[in-house]
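Single-letter residue listing:
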Amino acid sequence: MVEIELDGQKVEVNEGSMVMHAAEKAGTYIPHFCYHKKLSIAANCRMCLVDVEKAPKPMPACATPVTQGMIVRTKSDKAIKAQQSVMEFLLINHPLDCPICDQGGECQLQDLAVGYGGSSSRYAEEKRVVFHKDVGPLISMEEMSRCIHCTRCVRFGQEVAGVMELGMINRGEHSEITTIAGESIDSELSGNMIDICPVGALTSKPFRYSARTWELSRRKSVSPHDSTGANLIVQVKNHQVLRVVPLENEAINECWIADRDRFSYESLNGPDRLTQPMLKQGGEWKTVDWQTALEYVANGLKQIGASHGANSIGALVSPHSTVEELFLAARLVRGLGSDSIDYRLRNAEFSAPEGARWLGTSIASLSELQRVLVVGSNLRKDHPLFAQRIRQAARKGAQVHALASAEADWALPVAQFQVAPADQWVQALASIAAAVAQEKGLTAPFAADVSAQALAIAKSLLGGDRKAVLLGNAAAHHANASSLLALANWIARETGASVGYLTEAANTVGAQLVNAQPTGAGFNAGQMVQGALKAALLLNVEPAFDTAAGKAAVAGLNKAEMVVTLSPFKTNLDISDVLLPIAPFTETSGSFVNAEGRLQSFHAVVKPLGETRPAWKVLRVLGNLLGLGDFAFESSQEVLAQAALATAEQPLVAAGRLNNGSNAPIRASVAGEVAPVTAAIYQLDGLVRRAPSLQLTADARLALDEVTA
């Protein structure tokens, strides 16, 4: 530790820290633009100049290392005058367009200009102009004359997103930030550039000119998309969501969110929203009241159960639904005497798990790993924020290895990228296990040849301290998923690594904890979409997009006598008999359990649209109409308490309930096995599928090209 004196206050910081870090620790604010705690130090804005005793001139606080006994003054005349001079230079070419700038009201330059800027400008020459650029559907670079060249966006691309899509060209006053890797910004984390831009140069294209920042109310929420459980601040005006930004949480998403977390809100007010219950009568859809719709469903379920048996009734439920919704859906189905409920919509194997599958370690620990083996995941697109953490680990020297059916650009250094068709993954993973066994003088768990690549991966995994074997969405949905897990467990045990699933959706872990899957003789999702049901409840599910069977699932569900869709959107019109409008995550309270087993609850941020109702309330009323017991819940908190997963005081689910163990025998895959079905980054759920800006991105167009091909 090094002790310095900062504005007369003694401060102790780690050796190698900068004056800026000491100021942060002491609670002293030093004005700055280019410095950001998550990015490397550039020291190019010079706004943080401070007075260091015995230094001949003011020094940049962000790039001046502390030394024992150093005396720093941040409020002296020398420091203030230096900061005022820098501000004058920054404002020389800056356009005076605060009244129409989207950054107005939350602009660092605006704030600091009040404290350090002059009341008039001495600059009389012509100002420079930087022409606007079209860099895609998400980020607006329409007013790049506002740019102050802090290079935060450049460093973010290099260091966090992994792709240097923006760079600075030319010199002096001709310098400008522009795209250098392509014509557009295509990173799945690109929206964070908007947040870290300290001026109005990079703004949100979908939000552009929608509202002034002081008109927006801010409410906390949780992302309903992937399994990170990113914390959000949802910004609302006139009961309408207009913007979503990150809520900082170091344990989960740090200060970043993925673009699908940020821009999927567009679908909440789109033309597809279902706002009233609807019944299909004589082949035509008619709007009805809630009482009529729910009585129709209750009577239909009673009649079908009586004539075809209870197990002919089943529910396909989305793992993007809340804990409370899944808990009540499971209770409803089982209250009718059926065990046919399943969240595993894209799975090809339906073995009974021995516990809830989860990440096997904390999300924060991914940044500190030294060895990683990722099996069956397009990591960067499936889990952008997990990929970002592993990218940080790789920057510190971690060795990352992958097994997948095609090599993908993860925007991080991958030591070994083993490519094999999905029906050869068991053999490929068995080869790595055999290599580990060979190195340790053990008997391999499954007979396999040791390839040179497998040997390199094995030797790497046997080194280092902090290690993880991570199974992705494709491994979870694999036709031989249990064998992949058994081999991953053996490798992890012998190399001292953790083993876990990255898990697909916001509430995949929660769905398992509330038993939203058959526990006895019920039909699984694969059987249900093949036509095993006479009455089907679809909770946030669009069979053509959300199931492994795709369009064949539509044909299978068409065999049912009654299909009830609970969705925020007008969907499943060809197979449904009843449409019940339920609230998306912004219009209901609920909870998600993320990949690390952390329970996060949230409240509604806007009123439900039209006649929309929270799904947990719909299921509660339906349970009461059916005469089922234990449906007397007054709030979603009561439902959560009944589910008994965790509490606000102890948000992590008890370790005993999370288990990636496997006693399944390892069997070789059969040639020609069905390839695992996974969702593209902007096809994951109904919200992102209906967000216009996300569907205009390069990733969305690429996914569409693959489907049409």
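From a predicted model like this one, the values you see are computed outputs, not experimental measurements.

Participant: Any chance you could explain the nonpolar core here in plain terms?
Facilitator: Side chains that are nonpolar tend, in soluble globular proteins, to be buried together. Core analysis: the biggest nonpolar cluster contains 74 residues, and Phe33, Met47, Ile139, Phe156, Leu166, Leu202 and Val241 have the highest contact counts within it. Broken down by secondary-structure element, the contributors of at least two residues to this core are helix H2 (77-92), helix H3 (108-116), strand E7 (139-141), helix H4 (152-161), helix H5 (192-196), strand E12 (231-237), strand E13 (240-246) and helix H21 (686-689). Here the element with the most residues in this core is H4; it accounts for five residues. Not counting residues within four places of it along the chain, the set of residues in contact with Phe156 comprises Leu39, Ala161, Leu189, Asn192, Met193, Ile196 and Trp256. Residues Leu294, Ala516, Leu539 and Ala643 belong to the second largest nonpolar core, which totals 56 residues.

Participant: Please clarify how the packing of aromatic side chains should be interpreted in this entry.
Facilitator: Each aromatic ring pair is described using two quantities: the centre-to-centre distance and the angle formed by the ring planes. In this structure the tally under the stated criterion is three aromatic pairs. When the ring centre of Phe207 is taken as origin, the NZ or CZ atom of Arg243, which lies over that ring, is 4.5 Å away. Just above the ring of Phe569 sits the side chain of Arg690; from NZ or CZ to the centre is 4.3 Å.

Participant: Which parts of the structure should I look at to understand the pattern of salt bridges?
Facilitator: Once their charged atoms are close, side chains differing in charge can pair, the charge on each being opposite to the other. Scanning the model with the defined rule gives 36 salt bridges in all. Between Arg260 and Asp226 there is a salt bridge, with its nearest N and O atoms 3.1 Å apart. Linking Arg260 in helix H6 (residues 259-263) with Asp226 in the loop between strand E11 (217-222) and E12, this pair joins segments that are 34 residues apart in sequence. One exposure class covers both Arg260 and Asp226, and it is buried. One salt-bridge network, in which partners are shared between bridges, spans Asp272, Arg346, Glu504, Glu542, Asp546, Arg689 and Arg690.

Participant: Explain a nonpolar patch on the surface to me, please; I cannot follow it from the model alone.
Facilitator: On the surface, a nonpolar cluster with roughly 220 Å² of combined accessible area is contributed by Met164, Ile169 and Ile180. A relative accessible area of 33% places Ile169 in the partly exposed class.

Participant: Just checking my understanding: could you explain the sheet that holds E12 for this structure?
Facilitator: In sheet architecture, strand pairing relies on hydrogen bonds along the backbone and comes in two forms, parallel and antiparallel. Pairing is antiparallel across the open sheet formed by three strands, whose spatial order is E11-E12-E13. Strands at the two margins of the open sheet, each flanked by one partner only, are E11 and E13. The sheet shows a mean angle of 35° between the axes of neighbouring strands, direction not considered.

Participant: Can you walk me through the UniProt feature "domain: 4Fe-4S Mo/W bis-MGD-type" (unreviewed entry) in the chain in this structure?
Facilitator: UniProt records the feature "domain: 4Fe-4S Mo/W bis-MGD-type" (unreviewed entry) at residues 216-272, using the numbering of this structure. End-to-end, the C-alpha atoms of residues 216-272 are 25 Å apart, and along that stretch the chain is 9% helix and 35% strand.

Participant: What exactly am I supposed to notice about H4 here?
Facilitator: Structural remark: α-helix, 3.6 residues per turn; residues separated by three or four positions point the same way. Within H4, nine of the ten residues are buried, which leaves it mostly tucked inside the rest of the structure. Where H4 is concerned, the buried positions are Arg152, Cys153, Val154, Arg155, Phe156, Gly157, Glu159, Val160 and Ala161. Among the residues trailing H4, Gly162 stands out with phi positive, at a value near 90°.

Participant: Looking at this structure, how should I read the UniProt feature "domain: 4Fe-4S His(Cys)3-ligated-type" (unreviewed entry) in the chain?
Facilitator: Feature annotation in UniProt places "domain: 4Fe-4S His(Cys)3-ligated-type" (unreviewed entry) on residues 78-117, given in this structure's numbering. Summarising residues 78-117: 60% helix, 0% strand, and an end-to-end C-alpha distance of 16 Å.

Participant: I keep staring at the environment of Val199 and nothing clicks. Help me out?
Facilitator: Structurally, Val199 is set in the loop between H5 and strand E10 (203-204). According to the relative accessible area criterion, Val199 is buried, its value standing at 2%. The spacing of Val199 and Asp102 is 97 residues in sequence and 9.5 Å in space, taken between C-alpha atoms. Beyond its immediate chain neighbours, meaning those up to four positions away, Val199 contacts His94, Gln103, Cys107, Leu109, Arg146, Cys147 and Ile148.

Participant: Please explain the environment of Lys133 as it appears in this structure.
Facilitator: Considering the arrangement of structural elements, one finds Lys133 in strand E6 (residues 133-134). Once the C-alpha coordinates of Lys133 and Glu143 are considered, the two residues, ten residues apart in sequence, prove to be 8.6 Å apart. Leaving out residues up to four positions away in the same chain, Lys133 has contacts with Met141, Glu142, Met144, Glu176, Ile177 and Thr178. In terms of polar contacts, Lys133 uses its side chain to reach the backbone carbonyl oxygen of Phe131, at 3.2 Å. In terms of polar contacts, Lys133 uses its side chain to reach the side chain of Glu176, at 3.0 Å.

Participant: Honestly, the pairing of strand E18 (residues 371-375) in this entry has me stumped. Any pointers?
Facilitator: The side chains of a regular strand alternate between the sheet's two faces. Taken across its five residues, E18 has five buried, putting it largely inside the fold. Of the two faces of E18, both are covered, the one formed by Arg371, Leu373 and Val375 as well as the one formed by Val372 and Val374. In this structure, E18 lies alongside strand E19 (residues 399-404), joined through five bridges in parallel fashion. Counterpart to Arg371 in the pairing with E19 is Gln399.

Participant: I would appreciate a short explanation of helix H16 (residues 525-532) in the present structure.
Facilitator: Buried within H16 we find Ala525, Gly526, Met528 and Val529. On its buried face, H16 sits against strand E16 (313-317), strand E17 (340-342) and helix H18 (551-557).

Participant: Sorry if this is basic, but what is going on with unusual backbone geometry here?
Facilitator: A negative phi angle is the norm for most residues apart from glycine, just as the trans form is the norm for most peptide bonds. The backbone phi angle of Thr151 is positive, close to 65°, even though this residue is not glycine. Looking at the secondary structure, you find Thr151 in the loop between E7 and H4. Unusually for a residue other than glycine, Asn170 sits at a positive phi of about 65°. Take Asn170: it is sitting in the loop between strand E8 (166-169) and strand E9 (176-179).

Participant: Would you mind going over the sheet that holds strand E5 (residues 71-73) with me for this structure?
Facilitator: Sheet architecture is open: five strands sit in the order E2-E1-E5-E3-E4, paired in mixed fashion. The sheet is open, and its two edges are formed by strand E2 (9-13) and strand E4 (59-60), each paired on a single side. Strand direction decides the pairing type here: strand E3 (residues 49-52) and E4, joined by two bridges, are antiparallel. Pairing of Leu49 across the sheet is with Pro60, part of E4. The strands touched by helix H1 (residues 19-26) within the sheet are strand E1 (2-6), E2, E3 and E5, with E2 carrying the most contacts at an inclination of about 115°. Running at roughly 155° to E3, H2 makes contact with E3 and E5 of the sheet.

Quick notes on the rules
- Residues numbered from 1 in each chain as written.
- Predicted model: local features only at pLDDT ≥ 70, side-chain atom pairs only at ≥ 80, totals over all residues.
- Heavy atoms only, no water.
- Core = buried A, V, L, I, M, F, W, Y, C linked by side-chain atoms within 4.5 Å.
- Buried < 20%, exposed > 50% of the residue type's maximum accessible area, 1.4 Å probe, protein only.
- Helix = DSSP H or I, 4+ residues; strand = E, 2+ residues; numbered from the N terminus.
- Contact = heavy atoms within 4.5 Å.
- Phe/Tyr/Trp six-rings, centres within 6.5 Å; stacked < 30°, edge-to-face > 60°.
- Lys NZ or Arg CZ within 6 Å of the ring centre and 35° of its normal.
- Salt bridge = Lys/Arg side-chain N within 4 Å of Asp/Glu carboxyl O.
- Patch = residues over 30% accessible without salt bridge, like charges linked within 9 Å, V, L, I, M, F, W, Y side chains within 5 Å.
- Areas by Shrake-Rupley, 256 points an atom, 1.4 Å probe, with all protein chains shown as cover.
- Pairing = 2+ DSSP bridges.
- Axes fitted to C-alpha atoms, helices over the stretch in contact; angles between N-to-C directions.
- UniProt positions renumbered as here; feature names shortened; annotations may be inferred.
- Polar contact = N/O pair within 3.5 Å; in protein donor to acceptor, adjacent residues only side chain to side chain.

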